[in-house]
Amino acid sequence: MKLTRLLLGLFLPPVGVFMTVGVSPTLGINILLTLLGWLPGSIHALWVITKHDERLNREEGTF
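Residues numbered from 1 in each chain as written. Predicted model: local features only at pLDDT ≥ 70, side-chain atom pairs only at ≥ 80, totals over all residues. Heavy atoms only, no water.

### Points about the side chain of H52
Stage number 1. Checked against the element boundaries, H52 lands in helix α4 (residues 38–61).
Stage number 2. A residue is classified by how much of its surface remains accessible, and H52, at 17% relative accessible area, is buried. (Helix = DSSP H or I, 4+ residues; strand = E, 2+ residues; numbered from the N terminus. Buried < 20%, exposed > 50% of the residue type's maximum accessible area, 1.4 Å probe, protein only.)

Dropping the structure here:
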């Protein structure tokens, strides 16, 4: 699933962010960045996806 989200984040940035965090301010930011250009939207999407996964891994390790 992570690979799918990363690929979507690279090619369709808002879809990858939506699959990761749902409807949130982060999605709105990503849509705006994608409208400014594909590259800023993709970079933001990849950053959101990897940080979200890091946070989940850290939370799982504390149990």
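### Re the environment of F11
Stage number 1. Within the element layout of this structure, F11 appears in helix α1 (residues 2–11).
Stage number 2. Placed 22 residues apart in sequence, F11 and L33 show a C-alpha to C-alpha distance of 14 Å.

### Quick word on the environment of G22
Stage number 1. Locating G22 in the fold gives a position in the loop between α2 (13–21) and α3 (25–36).
Stage number 2. Classification of G22 as buried rests on a relative accessible area of 18%.

### With respect to α4
Stage number 1. If you check α4, its first and last C-alpha atoms are 35 Å apart, about what 24 residues at 1.5 Å a residue would give, namely 34 Å.
Stage number 2. Residues G41, S42, H44, A45, V48, I49, H52 and D53 constitute the buried set of α4.
Stage number 3. Buried residues along α4 sit in contact with α1, α2 and α3. (Expected span 1.5 Å × (residues − 1). Contact = heavy atoms within 4.5 Å.)

### Remarks on a nonpolar patch on the surface
Stage number 1. On the surface, M1, L3, L7, F11, L12, V15, F18, M19 and V23 cluster together into a nonpolar patch covering about 950 Å² of accessible area.
Stage number 2. Listing elements by their share of the nonpolar patch, those giving two or more residues are α1 and α2.
Stage number 3. Along the chain, the position of F18 falls in helix α2.
Stage number 4. With relative accessibility at 43%, the residue F18 sits in the partly exposed group. (Patch = residues over 30% accessible without salt bridge, like charges linked within 9 Å, V, L, I, M, F, W, Y side chains within 5 Å. Areas by Shrake-Rupley, 256 points an atom, 1.4 Å probe, with all protein chains shown as cover. Salt bridge = Lys/Arg side-chain N within 4 Å of Asp/Glu carboxyl O.)

### Section: the pattern of salt bridges
Stage number 1. Going through the model one piece at a time under the given rule, you end up with 3 salt bridges.
Stage number 2. A salt bridge links K51 to E54, with the nearest nitrogen and oxygen atoms 3.5 Å apart. Linking K51 with E54, this pair stays in helix α4, spanning 3 residues, or about one helical turn.
Stage number 3. Of the residues examined, K51 reaches a relative accessible area of 34% and is grouped as partly exposed.
Stage number 4. Where salt bridges share partners, they join K2, R5 and D53 into one cluster.

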